Amino acid sequence: MICSLEAWKYIYSLIFVLNLGVVCQTTFRYTDTPRFLDTGQGYNVTVHRGQKAELACKVENIGPKEVGVAVAWVKKPNPFPIAIDTEIFDPAMKNIRINHERHSHNSQSWNLVIEHAQPSDSGVYECQVTSKTPLSFDINLHVLDSPLILEPSIDIVDVKDNKIVNLYDPLTLTCNSTGSRGPPDAIDWFFEGNLVTNRDQHWKGRILITKRVHEEHPFSLLSDLVISRTEMGDQGRYICRSTTYTDPTSSMPTISAEVMILNTKKTQRRRDDVSKLEQKERFVENSGPRVGSDILTFFMFVIAGLIQLENG
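A brief structural summary. In this text the structure is predicted, and so the values were computed from the model without any measurement. (Residues numbered from 1 in each chain as written. Predicted model: local features only at pLDDT ≥ 70, side-chain atom pairs only at ≥ 80, totals over all residues. Heavy atoms only, no water.)

Observations concerning the overall build of the protein chain
Then, in step 1: Helix and strand counts for the protein chain stand at two helices and 20 strands.
Then, in step 2: Split into buried and exposed, the 312 residues of the protein chain put 34% on the buried side.
Then, in step 3: Of the contacts formed within the protein chain by residues at least 6 apart in sequence, a portion of 64% connects residues at least 24 apart.
Then, in step 4: Carbon and sulfur atoms make up 54% of the accessible area of the protein chain, which totals about 20,200 Å². (Helix = DSSP H or I, 4+ residues; strand = E, 2+ residues; numbered from the N terminus. Buried < 20%, exposed > 50% of the residue type's maximum accessible area, 1.4 Å probe, protein only. Contact = heavy atoms within 4.5 Å. Areas by Shrake-Rupley, 256 points an atom, 1.4 Å probe, with all protein chains shown as cover.)

Here it is as structure tokens:
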């Protein structure tokens, strides 16, 4: 009878746990001994509920597949592996995967990634390497029973002094807001107390509003207000306010930021006018005495000519 895929997975994991060897005829020889490399992560990892937890395991001298060496993850005290190489063996853990990366010809990592970690995922995880001399090390994962709360804020992107924008330059405002049970459903933007929308004639064709869940903090929602071309009328107070439709009674903060529009073209014209005026004044100052001297010389010639005519 042909075994199902799940049955073969169970048999494979059982062989792994019992550390049984299978004798094969091969001419391949690999003598380097596998060893763990420092990942810089340490042996204790703490995340908040809903965050991604990544447990690092980096191995050197693992050798090619022909050697029969494998990397597995076990959650203690259960001796059966939840993953071997990149294959997931525990169907109950639907939120895990193996992030496999080859760093060099003899260095690879098999990181156990737990998406949207929950307190029930807390525990001791063991990274194992099957070889003639089995290797293993433990990582203690602690998932806090609270989401990571980011301080609500508005960031003004690529702006001098974080508040001054040159006239006609683009402007991007980014707002983040964190919910208690999940990300807010929406973030609304207001300018001087009025809702910012493309239907408003002032903003029509100049703005784009986007929203996305924070990659590292799944309870936080980010929203971008992008103004493609600023005008003098865009100067003032911007407010972002988040909303949770499933819990309308929840108090969601509003965050505000002041934006100043610097009319650089008008300022430059004033500077050009002042510069031209200064140049004209300098020209008059430099040329004044010389012009007066030329006029005096002209009149002297005219008088001398008249005297000669009378004598003649």
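Quick word on the pairing of strand β18 (residues 220-227)
Then, in step 1: Burial within β18 is extensive, with seven of its eight residues counted as buried.
Then, in step 2: Here strand β17 (residues 207-213) runs beside β18; their pairing, made up of seven bridges, is antiparallel. Pairing of threonine 210 across the sheet is with aspartate 224, part of β18.
Then, in step 3: With antiparallel pairing between neighbouring strands as the criterion, β17 and β18 make up a hairpin whose turn holds six residues. (Pairing = 2+ DSSP bridges.)

What about the sheet that holds strand β6 (residues 83-84)?
Then, in step 1: Pairing is mixed across the open sheet formed by six strands, whose spatial order is β2-β11-β10-β5-β6-β7. The open sheet has two edge strands with one neighbour each: β2 (44-48) and β7 (87-88).
Then, in step 2: Sheet topology places β2 next to strand β11 (residues 135-144); five bridges connect them, and they run parallel. Paired with valine 47 across the bridge in β11 is valine 143.

Comments concerning the packing of aromatic side chains
Then, in step 1: Scanning the model with the defined rule gives five aromatic pairs in all.
Then, in step 2: On the basis of an interplanar angle of 80 degrees and a centroid distance of 4.8 Å, the ring pair of phenylalanine 36 and phenylalanine 137 is categorised as edge-to-face. With a gap of 101 residues between them, phenylalanine 36 in strand β1 (residues 35-37) and phenylalanine 137 in strand β11 connect regions that are remote in the sequence.
Then, in step 3: Judged by its relative accessible area of 22%, phenylalanine 36 falls in the partly exposed class.
Then, in step 4: When its relative accessible area of 16% is taken as the criterion, phenylalanine 137 is described as buried.
Then, in step 5: Judged by centre distance (6.0 Å) and plane angle (75 degrees), the rings of tyrosine 43 and phenylalanine 137 are edge-to-face. Within this pair, whereas tyrosine 43 is found in the loop between β1 and β2, its partner phenylalanine 137 is found in strand β11, the two being separated by 94 residues in sequence.
Then, in step 6: According to the relative accessible area criterion, tyrosine 43 is exposed, its value standing at 56%. (Phe/Tyr/Trp six-rings, centres within 6.5 Å; stacked < 30°, edge-to-face > 60°.)

Some points on the state of the cysteines
In protein structure, a disulfide is the covalent linkage between the sulfur atoms of two cysteines.
Then, in step 1: Overall, the coordinates contain two disulfides when judged by the stated rule.
Then, in step 2: Paired by a disulfide, cysteine 57 and cysteine 127 hold their sulfur atoms 2.0 Å apart. On the sign convention where negative is left-handed, the bridge of cysteine 57 and cysteine 127, at about -70 degrees about the S-S bond, is left-handed. With a gap of 70 residues between them, cysteine 57 in the loop between β3 (53-55) and β4 (58-60) and cysteine 127 in strand β10 (residues 123-130) connect regions that are remote in the sequence.
Then, in step 3: On the accessibility criterion, cysteine 57 (0% relative accessible area) is buried.
Then, in step 4: Look at the protein chain and number its bonded cysteines as they come in the sequence; the links are 1-2, 3-4. (Disulfide = S-S within 2.5 Å.)

Structural notes on unusual backbone geometry
Then, in step 1: Across the junction of lysine 76 and proline 77, the peptide omega takes the value 5 degrees, indicating a cis bond.
Then, in step 2: Take proline 77: it is sitting in the loop between β5 (70-75) and β6.
Then, in step 3: Positive phi is not limited to glycine here, since histidine 116 has a value of about 50 degrees.

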